[in-house]
Amino acid sequence: MDPQELLSLCRRRGFLWPAYDIYGGLAGFYDYGPLGSLLKNNIESHWRKLYVFEEGLHELVCPIIAPEPVFKASGHLDAFADMYAECRQCGESHRADHLADGLHENPAALSEEELGRILEENAVKCPACKGDLSPPRRFNLMFKTSVGAGSAKAGYMRPETAQGMFVNFPQIYRHGREKLPVGAVQIGRAFRNEISPRQGVLRLREFSQMEAEVFFHPERKTWPRFDKVKHEVLPLVPNDGSPAALSLAEAVSSKVIANEALAYFIWLTHRFAIDVGLDPERIRFRQHEKDEMAHYAAECWDLEAETAYGWVELVGIADRGCYDVQAHLKHSGADLTAFERFDEPREVVSEEVKPKYDAMGGQFKGKTKALAERLSALAPDVVRGKSEIVVEVDDERFAVPSTCFEVVTRTEKAAGEKFVPHVIEPSYGVDRILYSVLEHAYRKKDDYLTLTLRGIMAPIKAGVFPLMPKDSMDRIALEVYDVLVAEGISAHYDESGSIGRRYARMDEVGTPCCITVDHQTVEDGTVTIRDRDSKEQARIGVDEVVRWVRSVVKGDSPGPDGGFETAEKRGN
RNA sequence: GCGGCUGUAGUCUAGCGGUUAGGACUGAAGCUUCCCAAGCUUUAAGCCCGGGUUCAAAUCCCGGCAGCCGCACCA
């Protein structure tokens, strides 16, 4: 299919449109229209149902803007930027760190100045035309802003929602009653100043993420419900090229997937993908190549969907190790560790050098305190068996005899230990998921368009029509509509044009069923209810409508009690 | 960011220096005992923005913006 056809449907029917259109637009920014907003909400609600309600992770809403140190610590300030050198002759720009490959161990880690010097010293020229290059210039993908007036602080728009959860680890940990694993989730906007956004909503500069950060003991990366799913076989594409028709348990035991927790969230992501209506035949989990991983990741699997643009990454499930928490611990000085009790308090036996102050005092006078401190800092093995130790204090060397210190054994009881938790992060791109859901639901038959959205995803759950807006059919139809809306079901009333046109309008936006009030309704209180995909109709009582629509929306069957009446069942 | 192509109602499109800028679908109002985009009447809605050339620009030129395709990029 041509993605332009789908994007034109999206514009026409109020799913998506380019933002700021009357001012010429702004590349990389889209508006969600009325139906797009409903669909986006449905995707997010279902994700929340899985991650918050079922898995018990804690939802946060953190600010979009963060002060510079946050991204200094996370590595985004340095690693989230590329350096470019432009050719003065042909104008082509090149990745400056790539040009220095082989000239330095790790060109990407250099500053602009250092890299520029290396390129100059080695007389590196433009690979395209051999022209002279400009000095490297750093382009950071984060949007920068300033916070406050006057001596304003530098702030950045978050490039992922994740950092807000890492910096809140102590609060999350406490809220989770100090047990691991514990996790936080966040649904919100993130910003990346992409160099060339394109392909509709697949690469936006402002986009929505649904992220979970799940904190683990480094040696126990498993999940309580893993056992329930361990025999499932998912479409895995490991990075060693082996096609893996393995169950999750086999994949973990053969090290194809690093741990059970990662495997569980791959399963959960698969379930989510199926629930929102992605085609099972057009999704897969691809393991990142070693050189493909983000600066923080130790292991990563992507959920990819096949679209008109090729295989597109919708979800990244990464084992971030302790990278982020460790980084914030180091930069902020805050205690971001978790504590684990030992089963039994353990005796921790340690040796240390203990100065004998009474022996030292007379000999070293005012230097005693400083000398004692130096001695305590020494490793026991350094002093053991020595008759004297030479210690330097204030540029003066002192020979301290062994009578002035001893090696003592200290036994302490430890109830447990502190450690920096590891993080497994499922990170979902809402806009890409939404696009893929639409594309996988897109059906075109003789110019008749239908979105076969699943009931839980459909922006409108039911269309309600009078066959004709007269003879009290319109009044009854409005009553049916009111009942549905009162039940919290999004419905759409339409009395204009022919009945076929109204069905078509609903089919095109993926409404799973339509209820029509006709002459017979006036006589016996029954209505027809029509199924979008089969176009079959059933005749049911007005009082059954809510129950029927609910059942259709749940998506398991085309209606209760055996579903729609087919031509076969009618006997013709 | 570089190069190529493109920009006409909500959507698809005709136009190729002088047009009241035409059509189709869609939308709206109405008619039609109307169950799968039927028909009829009425109606709304457009030359991406800015400059230039010309007596005259949707049309030619330049710049910007946006879209598509390649390259690069996608932490």
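Small disclaimer: the values here were computed from a predicted structure and weren't measured.

Within chain A, the regular secondary structure consists of 21 helices and 27 strands. A principal-axis box enclosing the C-alpha atoms of chain A has dimensions of 115 × 70 × 55 Å. Taken across its 572 residues, chain A has 47% of its residues classed as buried. Of the roughly 28,400 Å² of accessible surface on chain A, 49% is carried by carbon and sulfur atoms. If the 72 positive side-chain charges of chain A are averaged to one point and the 91 negative ones to another, these points end up 2 Å apart.

To continue, consider the packing of helix H2 (residues 34-54) against helix H11 (residues 260-275). Put simply, H2 and H11 touch, their axes get as near as 11 Å, and they point 145° apart. Remark: the crossing between H2 and H11 carries right-handed chirality. Residue-level contacts link Ile-43, His-46, Trp-47, Lys-49, Leu-50, Tyr-51 and Glu-54 of H2 to Phe-265, Leu-268, Thr-269, Arg-271, Phe-272 and Asp-275 of H11. Class assignment of the residues belonging to the contact of H2 with H11 gives a composition of seven nonpolar, two polar and four charged.

Glancing now at helix H16 (residues 430-441). Across its 12 residues, H16 extends 16 Å between first and last C-alpha, which sits within 8% of the 16 Å expected from 1.5 Å per residue. For H16, the buried fraction is high: 11 of the 12 residues fall into the buried class. Along H16, the positions that sit buried rather than exposed are Val-430, Asp-431, Ile-433, Leu-434, Tyr-435, Ser-436, Val-437, Leu-438, Glu-439, His-440 and Ala-441.

Once that is clear, we can look at the domain arrangement of chain A. Along its sequence, chain A is carved into domain 1 (3-80 + 141-322 + 425-430), domain 2 (82-139), domain 3 (351-413) and domain 4 (450-570). Each of domain 3 and domain 4 was reduced to a C-alpha centroid, and the two centroids are 89 Å apart.

The subject of this paragraph is the pairing of strand E25 (residues 513-517). Most of E25 sits inside the fold, with five of its five residues counted as buried. Residue alternation in E25 divides its side chains into two sets, Cys-513, Ile-515 and Val-517 and Cys-514 and Thr-516, and both sets are buried. Bridging between strand E23 (residues 462-466) and E25 involves five bridges; their strand directions are parallel. Paired with Phe-465 across the bridge in E25 is Thr-516. Bridging between E25 and strand E26 (residues 526-531) involves four bridges; their strand directions are antiparallel. Within the sheet, the bridge partner assigned to Thr-516 lies in E26 and is Thr-528.

Relative to the elements of secondary structure, Thr-528 occurs in strand E26. Residue classification places Thr-528 among the buried positions, given a relative accessible area of 10%. Those residues in contact with Thr-528 that lie beyond four places of it in its chain are Tyr-503, Cys-514, Ile-515, Thr-516, Asp-518, Gln-537, Ala-538 and Arg-539.

In this section: the pairing of strand E20 (residues 422-429). For E20, a buried count of eight out of eight residues is recorded, marking the element as mostly surrounded by other parts of the structure. Of the two faces of E20, the one carrying His-422, Ile-424, Pro-426 and Tyr-428 and the one carrying Val-423, Glu-425, Ser-427 and Gly-429 are both buried. Taken together, the six bridges between strand E11 (residues 206-216) and E20 define a ladder with antiparallel strand orientation. For Val-214, the partnering residue across the bridge sits in E20 and is Ile-424. Bridge analysis of strand E15 (residues 310-321) against E20 gives six bridges, and the strand direction is antiparallel. Pairing of Gly-316 across the sheet is with Ser-427, part of E20.

A word on the confidence of the model for chain A. On average, chain A scores 88 in pLDDT, and the residues at 70 or more come to 93%. Confidence over residues 566-572 falls short of pLDDT 50; this stretch has seven contacts with residues more than four positions distant or in other chains. For this predicted complex, the interface score ipTM comes out at 0.93, while the overall pTM is 0.86.

All right, on to the protein's contact with RNA strand B then. Around RNA strand B there are 46 residues in total, and Arg-192, Arg-203, Arg-505, Arg-530 and Gln-537 lie nearest to it. When the atoms of RNA strand B within 4 Å of the protein are grouped by moiety, sugar and phosphate amount to 47% of the total. Between Gln-199 and RNA strand B, the recorded distance is 3.5 Å, taken from a backbone N or O atom to a phosphate oxygen. At 3.5 Å from a base nitrogen of RNA strand B is found a main-chain nitrogen or oxygen belonging to Gly-497.

With that out of the way, let us pick up the nonpolar core. Across soluble globular proteins, nonpolar side chains show a tendency to be buried alongside one another. Counting 77 residues, the largest nonpolar core has Phe-15, Tyr-51, Ile-257, Phe-265 and Ile-433 as the members making the most contacts within it. Looking at which element gives the most residues to this core, the answer is H11, with 10 residues. Summarising the domain contributions, this core has at least three residues from each of domain 1 (3-80 + 141-322 + 425-430) and domain 4 (450-570). Of all hydrophobic cores here, the second largest spans 22 residues; its members include Ala-477, Ala-538, Val-545 and Val-546.

Using the criterion set out here, one finds 36 salt bridges in the structure. In this structure, Glu-304 and Arg-286 form a salt bridge, with 2.8 Å as the shortest nitrogen-oxygen distance. With Glu-304 in strand E14 (residues 299-307) and Arg-286 in strand E13 (residues 283-287), this pair connects stretches of sequence that are 18 residues apart. Of the residues examined, Glu-304 reaches a relative accessible area of 5% and is grouped as buried. Residue Asp-507 is joined to Arg-530 by a salt bridge in which the shortest nitrogen-to-oxygen separation is 2.8 Å. Residue Asp-507 is found in helix H18 (residues 499-508), and its partner Arg-530 is found in strand E26; the two are separated by 23 residues along the sequence. Of the residues examined, Arg-530 reaches a relative accessible area of 4% and is grouped as buried. In the salt-bridge network here, residues are joined through shared partners; they are Lys-49, Glu-54, Glu-55, Arg-225, Arg-271 and Asp-275.

Bringing the packing of aromatic side chains into the picture now. Within a pair of aromatic rings, the relevant descriptors are the distance that separates the centres and the angle that separates the planes. Taken as a whole and judged by the stated rule, the model has 18 aromatic pairs. With centroids separated by 6.2 Å and ring planes inclined at 20°, the aromatic side chains of Tyr-51 and Phe-265 adopt a geometry described as stacked. With Tyr-51 in helix H2 and Phe-265 in helix H11, the pair connects residues that are 214 residues apart, well separated along the chain. Taking the relative accessible area as the measure of exposure, Tyr-51 reaches 0% and is therefore buried. Here the aromatic rings of Tyr-51 and Tyr-428 are separated by 5.7 Å at their centres, their planes lie at 80°, and the arrangement is edge-to-face.

So, on to helix H1 (residues 3-12). An α-helix turns once per 3.6 residues; consequently, residues spaced three or four apart project the same way. When we look at burial in H1, the residues that qualify are Pro-3, Leu-6, Leu-7, Leu-9 and Cys-10. Considered in projection along H1, the buried side chains sweep an arc of 155° and stay on one side of the axis. In this structure, the buried side of H1 is in contact with strand E1 (16-18), H16, strand E21 (442-445), strand E22 (448-451) and H18. Two residues or fewer past H1, Gly-14 is found with a positive phi of approximately 80°.

Reading guide: rules and limits
Residues numbered from 1 in each chain as written. Chains lettered and ligands numbered in written order. Predicted model: local features only at pLDDT ≥ 70, side-chain atom pairs only at ≥ 80, totals over all residues. Heavy atoms only, no water. Helix = DSSP H or I, 4+ residues; strand = E, 2+ residues; numbered from the N terminus. Buried < 20%, exposed > 50% of the residue type's maximum accessible area, 1.4 Å probe, protein only. Areas by Shrake-Rupley, 256 points an atom, 1.4 Å probe, with all protein chains shown as cover. Lys, Arg positive; Asp, Glu negative; His and termini not counted. Charge placed at Lys NZ, Arg CZ, Asp CG, Glu CD. Axes fitted to C-alpha atoms, helices over the stretch in contact; angles between N-to-C directions. Left-handed = near helix turned anticlockwise from the far one by under 90°. Contact = heavy atoms within 4.5 Å. Nonpolar A, V, L, I, M, F, W, Y, C, P; charged D, E, K, R; others polar. Expected span 1.5 Å × (residues − 1). Domains from an automatic or database assignment. Pairing = 2+ DSSP bridges. pLDDT = per-residue confidence, 0-100. Near = heavy atom within 4 Å. Polar contact = N/O pair within 3.5 Å; in protein donor to acceptor, adjacent residues only side chain to side chain. Core = buried A, V, L, I, M, F, W, Y, C linked by side-chain atoms within 4.5 Å. Salt bridge = Lys/Arg side-chain N within 4 Å of Asp/Glu carboxyl O. Phe/Tyr/Trp six-rings, centres within 6.5 Å; stacked < 30°, edge-to-face > 60°. Arc of directions from axis to C-beta.

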